[in-house]
Amino acid sequence: MKLSGIWELKKIALRNLARHKVKTVLTAMAIMVSVAVYIFLNSFLGGMAIESRRNIVNYEIGAAKLQTKLYFEKKDEMPSYENFTGWEIYREALESEGYCSAPRFTFSGTLSSTSGSAPIMFYAVEPAAEAEVLRYVPYVDFGRFVQNGKFEIALGTVAAEKLKVGIPTRPFRLELEELIASVTQDEGDFIRSLYDVAAVKRGGPFSPDEKTVAGNERMILKKNASRSDLDRCWNMIATSGRNDVRINAVIDIKAAPAMIRPDKWEGELLPALRGEDLALVQAAYEYDDQMDIYLLIEEDEQQLERILAAMVRADYSGAVSHVNQSIDAVIAGVINSPDPLPNGNTAYIPLDILQDEAGMMLEGAVTELVIREKNINDSRLPGKSESAAVITAALNRGLSAQGRSLPDDLAVYFWLEYMKDYLGYEAIQTGAPQIFAFLLLILSFLGISNTILLAILERTREIGMMRALGMTDKQMIIVYMLEAGFLGFIGSILGIILGCVINYPVVTYGFDFSAMADTLQNGIGFRTTGNFRSIWNVPVIIGSGIVATLLASFMAYFPTRRTVKMPIADSLRFE
C-alpha cells in the first residue's frame, strides 16, 4: 500500500474520532486511568522494594558475611556450635584491603523481665565495629547502645513493649499508674506530663477499634518530648529495677562425646560415617562389656579434632552437647530504626562479656564477620566491589601479606545468598498489585473493543457504502485499527502524564507510613517502617504507553473483521 493511501486511511480514522467526541473522551479516560494506576503502582512498589533491600544491607546483614560453610548450610537452624576463632586476623586482612567488618555471635533464647518473657534473637557484638558497619546503632529511642564490659542489652521496641521494660510508648492509663507506683510517687506528675490521651480511631484497615473504659484510656508518649526529659524518665525506670532482665539460652558445644551408647554407635554414627572416617572413629573408641557402652580412649588433641570433624560431617547429633545458661543483665536502650528487624524480638549484647563462665564460654569464638566496603554510600546497594568473589580475593591478599591463608572451612557469602526466601516473598508482594493493575488495563481495552464494536454497528451502512465504492476489507480493518490505536495513544499519553504527576511528590518527598507500621508492629511485609521514596521506572513508563497503544489497536481487529465479512448488500440494508 502506498504512503499516500495509508495517510488517507489515517485521516478517515481521525475524522471518525472527531465525529464521536463523547465516546472518544470516555474511552481515552479509561485508558488514561489504567495506565496512570499501573505506572504509579509499579513505581511505588519498586521504591518500597529498593528501600527494603537497602535496609537489609544497612541495618541487618551488611554486604557479605564470613562464616563456616557448615553454618551457612544450616543457617536456618542457627547452629551456634559452627563458629570460628581468630577472627581478628581476618578483620585485619580485610581492613588492609579497604573493607570494614564486625564480629558477631548469634544465638536464640528467652528474655525474662518482671512482667513476662519473650523469645529473642540475640546478637553479641563489638559496639564500635557494629556502629562502623551497620546503621541501626544511632536509632536508640530511649537510653543508649550497649558498651563493652557491661552486662547490658539494647532491645528492639516491639520486645520492649511485650516485656514492659523501658519507657512505654502506648500504655493504658492504669498501666502508666502502675509504672509510676513502681518507680516513684514523687515524680508522678512529671511522668504523666510526658503523655497525652490517644485519639480513639474507629474503622479503617489500619486503625482497629480501641476498646477502652472510662479511667483506663489509651495513652501515647508525646512526640515532642525533649531528650533530656526522656533520659530523666529512663534513669528513674532503670533505678527502680524495671529494666532488669534475665537471659536464658542453650549453649551448643561441639566435642567428641566421652561415651556413646551401643544403639547410637551402631544405629546412627557408624552408618553415617564416610569411608575414610570410619576407621578413624572406630580406633578412638573401645567397647566396655561391664558398662555396655563405647568409651573414648583417644587423648591426642589433634586427633580428637579430626574425630570431631568426622562426626560433624556425618551430622551425628551426639557431637553437639547442649548446656543451659542464665545471664542477668539490664536494658541499656530501646532501638527503633527504619528497619523492622532490629525493632522486633531482637537484642544486642556486648560480645566481650560472653567469653568466660560468667557469660557463654565463647572463648573468642564468633559465628560471623559482617563485611562492608569502607566509606560506601548507604543509598547504594552492594555491587561488584562487595561481591563474595571480590571480597574473598581481597581477604586472601590480606592474609597472604601476613603469611597466612583462608581455611577451607570458611567462606564469604553475599547478602543475596542470605535473602533468597525474602526476595521470593518480595516478588509476590510487588507482583500481585501489578498483576491487578495490568488486569485493570486489560479491562479498559475490553471496553475499547466494545466501543469499537458499537461504532462499527452504528456505521454498518456507511461501511457497506465505502466498500461498494471500492475500499477493500483490509483497508477497512486498518482504518478501525488506526482509530483504536489513536484512542490508545491519546489515553496512554494522558495516563503517563497523570501517573508521573501522582508519582512526583512520592519520589520527591517520600511516603511516611510509620503510623501504619506502629499499628501493625511488624510493618506491612517489606523491610521498612518509616519514610521511603518511589522511583522513576522509565522503561515501564514508556513501555506502558507503547503496550497500551498496541493493545488498543489489536482489540479493534476482531469486531472489524467480523463486520467486513457481511455481504455489501446486507450492509447497505442494515438498520
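Residues numbered from 1 in each chain as written. Predicted model: local features only at pLDDT ≥ 70, side-chain atom pairs only at ≥ 80, totals over all residues. Heavy atoms only, no water.

Asker: Give a description of the overall build of the protein chain that names residues and reports values.
Answerer: Counting its regular elements, the protein chain contains 22 helices and 17 strands. Every one of the 575 residues in the protein chain was classed for burial, and the buried ones make up 47%. For the protein chain, the exposed surface amounts to about 28,100 Å²; the carbon and sulfur share of it is 57%. (Helix = DSSP H or I, 4+ residues; strand = E, 2+ residues; numbered from the N terminus. Buried < 20%, exposed > 50% of the residue type's maximum accessible area, 1.4 Å probe, protein only. Areas by Shrake-Rupley, 256 points an atom, 1.4 Å probe, with all protein chains shown as cover.)

Asker: Requested: an account of the environment of serine 317, with residues and values cited.
Answerer: Structurally, serine 317 is set in the loop between α12 (301–313) and β12 (320–335). Since its relative accessible area comes to 42%, serine 317 is described here as partly exposed. The sequence separation of serine 317 and leucine 269 amounts to 48 residues, and the corresponding C-alpha distance is 8.8 Å. With residues near it in sequence (within four places) discarded, serine 317 still touches Lys264 and Glu268. (Contact = heavy atoms within 4.5 Å.)

Asker: Hey, could you go over the packing of aromatic side chains for me, with residue numbers and the actual values?
Answerer: The tally for this structure, following the rule as stated, stands at 15 aromatic pairs. Seen from their ring centres, phenylalanine 105 and phenylalanine 107 are 6.3 Å apart, and the 50° between their planes marks the pair as tilted. The exposure classification of phenylalanine 105 matches that of phenylalanine 107, with both residues buried. Here tyrosine 287 and tyrosine 294 contribute two aromatic rings whose centre-to-centre distance is 5.0 Å and whose plane-to-plane angle is 50°, an arrangement assigned as tilted. Taking the relative accessible area as the measure of exposure, tyrosine 294 reaches 13% and is therefore buried. Cluster of aromatic residues (ring-pair linked, three or more members): Tyr123, Tyr136, Phe145 and Tyr348. We note arginine 104 situated over the ring of tyrosine 123; from NZ or CZ to the ring centre the distance is 4.5 Å. A cation over a ring is seen here: arginine 218 above phenylalanine 172, with NZ or CZ 4.0 Å from the ring centre. (Phe/Tyr/Trp six-rings, centres within 6.5 Å; stacked < 30°, edge-to-face > 60°. Lys NZ or Arg CZ within 6 Å of the ring centre and 35° of its normal.)

Asker: Outline a nonpolar patch on the surface, listing residues and values.
Answerer: Judged by side-chain polarity, Phe489, Ile490, Ile493, Leu494, Ile497 and Val501 come together as a nonpolar surface patch covering roughly 520 Å² of accessible area. With respect to the element layout, valine 501 can be found in helix α18 (residues 473–508). For valine 501, a relative accessible area of 54% corresponds to the exposed category. (Patch = residues over 30% accessible without salt bridge, like charges linked within 9 Å, V, L, I, M, F, W, Y side chains within 5 Å. Salt bridge = Lys/Arg side-chain N within 4 Å of Asp/Glu carboxyl O.)

Asker: Hey, could you go over the side chain of glutamine 67 for me, with residue numbers and the actual values?
Answerer: Relative to the assigned elements, glutamine 67 resides in strand β1 (residues 64–68). Overall, glutamine 67 belongs to the buried group, its relative accessible area being 0%. Polar contacts involving the side chain of glutamine 67 include one to the side chain of glutamate 368, which spans 3.0 Å. The residues contacting glutamine 67, other than those within four sequence positions of it, are Phe72, Phe84, Thr367, Glu368, Asp409, Leu410, Ala411, Tyr413 and Tyr418. (Polar contact = N/O pair within 3.5 Å; in protein donor to acceptor, adjacent residues only side chain to side chain.)

Asker: Help me get a handle on the pattern of salt bridges, residues and values and all.
Answerer: Any two side chains of opposite charge can pair, on the condition that their charged atoms come close. Here the structure, examined in full by the defined rule, presents 21 salt bridges. Across the salt bridge formed by arginine 91 and glutamate 126, the nearest N and O atoms sit 2.8 Å from each other. Taken as a pair, arginine 91 in helix α4 (residues 87–96) and glutamate 126 in the loop between β3 (116–125) and α5 (127–133) lie far apart in primary sequence, 35 residues in all. Under the relative-accessibility criterion, arginine 91 is labelled partly exposed at 23%. As a salt-bridge pair, glutamate 152 and arginine 144 come within 2.7 Å of each other at their nearest N and O atoms. Within the structure, one salt-bridge network assembled from shared partners comprises Lys65, Arg104, Glu130 and Glu368.

Asker: Give a detailed account of the sheet that holds strand β11 (residues 293–296), specifying residues and quantitative values.
Answerer: Here we have three strands laid out as an open sheet, ordered β9-β11-β10, and antiparallel in their pairing. The outermost strands of the open sheet, each flanked by one partner alone, are β9 (259–260) and β10 (285–288). Across two bridges, β9 lies against β11 in antiparallel orientation. Bridge pairing in β11 places methionine 259 opposite leucine 295. Sheet strands touched by helix α11 (residues 275–284): β10 and β11. Its angle to β10, the strand with the most contacts, is close to 50°. (Pairing = 2+ DSSP bridges. Axes fitted to C-alpha atoms, helices over the stretch in contact; angles between N-to-C directions.)

Asker: Hey, could you go over α12 for me, with residue numbers and the actual values?
Answerer: Its 13 residues give α12 an end-to-end C-alpha distance of 18 Å, which sits within 8% of 18 Å, the value for a rise of 1.5 Å per residue. Every buried residue of α12 is accounted for by Ile307, Leu308, Ala310, Met311 and Val312. Residues of α12 that are buried sit in contact with α3 (69–73), β8 (244–254), β9, α10 (262–272), α11 and β10. Measuring from the side-chain oxygen of the N-cap residue of α12 to the backbone nitrogen of glutamine 302 gives 3.3 Å; that N-cap residue is aspartate 300. Aspartate 315 sits one or two residues past α12 and shows a positive phi near 55°. (Expected span 1.5 Å × (residues − 1).)

Asker: Which residues make up the nonpolar core, and what are the values?
Answerer: With 76 residues, the main nonpolar core has Leu66, Leu111, Ile153 and Leu155 as its most contacted residues. Residues contacting leucine 155, with those up to four places away along its chain left out, are Leu111, Ile120, Ala160, Leu163, Val165, Ile331, Gly333, Val334, Ile335, Thr346 and Ala347. (Core = buried A, V, L, I, M, F, W, Y, C linked by side-chain atoms within 4.5 Å.)

Asker: Could you give an account of the confidence of the model for the protein chain, naming the residues involved and the relevant values?
Answerer: Chain-level statistics for the protein chain give a pLDDT mean of 83 and a share of 83% at 70 or above. Counting contacts from residues 205–209, a segment whose pLDDT is below 50, to residues more than four positions away or on other chains yields 10 contacts. (pLDDT = per-residue confidence, 0-100.)

Asker: With reference to specific residues and values, describe the pairing of β8.
Answerer: Sheet topology note: the strand β2 (residues 99–113)/β8 ladder contains four bridges and is antiparallel. Directly across from threonine 110, in β8, lies its bridge partner asparagine 248. Here β8 pairs with β12 via 11 bridges, running antiparallel. The partner of asparagine 248 across the bridge, within β12, is serine 326.

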